[in-house]
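Spelled out from the first residue to the last, the chains are:
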Amino acid sequence: MKILLHACCGPCSIYPLAQLRRQGHQVSGYFHNPNIHPFREFKRRLAAMREFADRQKLDMIYDDDYGLREYLRQVVNREEERCRICYAMRLAEVARLAVAEGYEAFSTTLLYSRYQNHGEIRRQGDELAARHNLTFYYEDFRCGWQEGIGQAIAMGLYRQPYCGCIYSEQERYDKKMRKKKSGISVTENQKAAAETGEGQESGTE
Ligand code: SF4
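For the structure given in this document, a descriptive report is provided here. As a convention, each chain's residues are numbered from 1 in the sequence order in which they are written. Owing to the predicted nature of the model, reporting of local features is limited to residues with pLDDT of at least 70; listing and counting of side-chain atom pairs is limited to 80 or more, with chain, interface and lining totals taken over all residues. Remark: hydrogens and water are excluded; side-chain values derive from all non-hydrogen atoms of the structure.

1. Re the packing of helix α4 (residues 82-100) against helix α5 (residues 118-132)
- Helix axes are fitted only over the stretch in contact, all axes being lines through C-alpha atoms; the angle between N-to-C directions runs from 0 to 180 degrees. A run of DSSP states H or I qualifies as a helix once it reaches four residues; a run of E qualifies as a strand once it reaches two. Both are numbered from the N-terminal end. With their axes 10 Å apart at the nearest point, α4 and α5 run at an angle of 35° to one another. In this structure, α4 meets α5 at a crossing whose hand is right-handed. Between α4, through R84, Y87, A88, L91, A92, A95 and V99, and α5, the contact on the second element is made entirely by E120, I121, Q124, G125, L128 and H132.
- Residue composition of the contact of α4 with α5, by class: eight nonpolar, three polar and two charged. Left-handed is the label given to a crossing in which the near helix is rotated counterclockwise from the far helix by less than a right angle, and right-handed is the label when the rotation is clockwise. We call two residues in contact whenever any of their non-hydrogen atoms come within 4.5 Å of each other. When residue character is reported, Ala, Val, Leu, Ile, Met, Phe, Trp, Tyr, Cys and Pro are called nonpolar, Asp, Glu, Lys and Arg charged, and the others, Gly included, polar.

Here's what the structure looks like:
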């Protein structure tokens, strides 16, 4: 299948790309992540993505506009729901481009992360696919978590210390907030993570 793979970052792309190629799919990547802040972090992850894609000879489309304003317009005053909104803003754009460019299917490296709300990503992907008469390629890439980390380290690829948005950056480093959070799940992600016994603050998305 000709698949447009949404790539949230270089390290998270390693396992899904290898897996899709092993299965004989023709994969192109799309870096569209208005959720990565602040600006220098965005640039750093974009550079790591380029480094990885070049090494893998992965055909890529890059949205290199810094999307802070676009992201905040959708999330402010709805911070508790921000992960659902964040998935939606990225996946909708990937589905749109997949249709415009004649792909049969789209997918996302978010399905690799143990720290995302996997069920919600799948639900949104299926819904977009039905709306656009496309296939959402679903696979639980989380089984390749350690393999992906090992390869990212071996490649010397930049691995980010927090999910992406300025809220997740605060949650990662603000000691007061971390204390508060130990009693309350702040985001939908964290609720999902709590249900599966996973934490959110370990590094890559
Ligand atoms: S925590 Fe991650 S998934 Fe959730 S809104 Fe922030 S960047 Fe998006």
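After that view, the rundown keeps rolling.
2. Looking at the sheet that holds strand β1 (residues 2-6)
- With respect to topology, five strands assemble into an open sheet ordered β3-β2-β1-β4-β5, the strand pairing being parallel. The open sheet has two free edges, formed respectively by β3 (59-62) and β5 (135-136), since each of these has just one partner strand.
- Packed onto the sheet, helix α2 (residues 39-56) meets β2 (26-31) and β3 and runs at close to 160° relative to β3. Being paired, for any two strands, means DSSP has found at least two bridges between them.

3. Topic: α5
- Taking 1.5 Å of rise per residue, the 15 residues of α5 would be expected to cover 21 Å, and the 21 Å separating its terminal C-alpha atoms lies within 8% of that figure.
- Think of it in three bands: with a 1.4 Å probe and only protein chains considered, a residue is buried below 20% of the maximum accessible area for its type, exposed above 50%, and partly exposed in between. Restricting attention to buried positions, one finds in α5 the residues H118, E120, I121, Q124, G125, L128 and A129. One face of α5 carries all of its buried residues, which in axial projection span an arc of 165°. The exposed residues of α5 that point more than 90 degrees off its buried face are A130 and R131.
- Summarising the contacts, the buried residues of α5 are in contact with α4, β4 (105-108) and β5.
- Positive phi shows up at N133, right after α5, with a value of about 55°. In this analysis, the expected span of each helix is defined as 1.5 Å times one less than the number of residues it contains. Arc, as used here, means the arc of the directions from the helix axis to the C-beta atoms.

Geometric descriptors of this kind do not, in isolation, establish any biological role.
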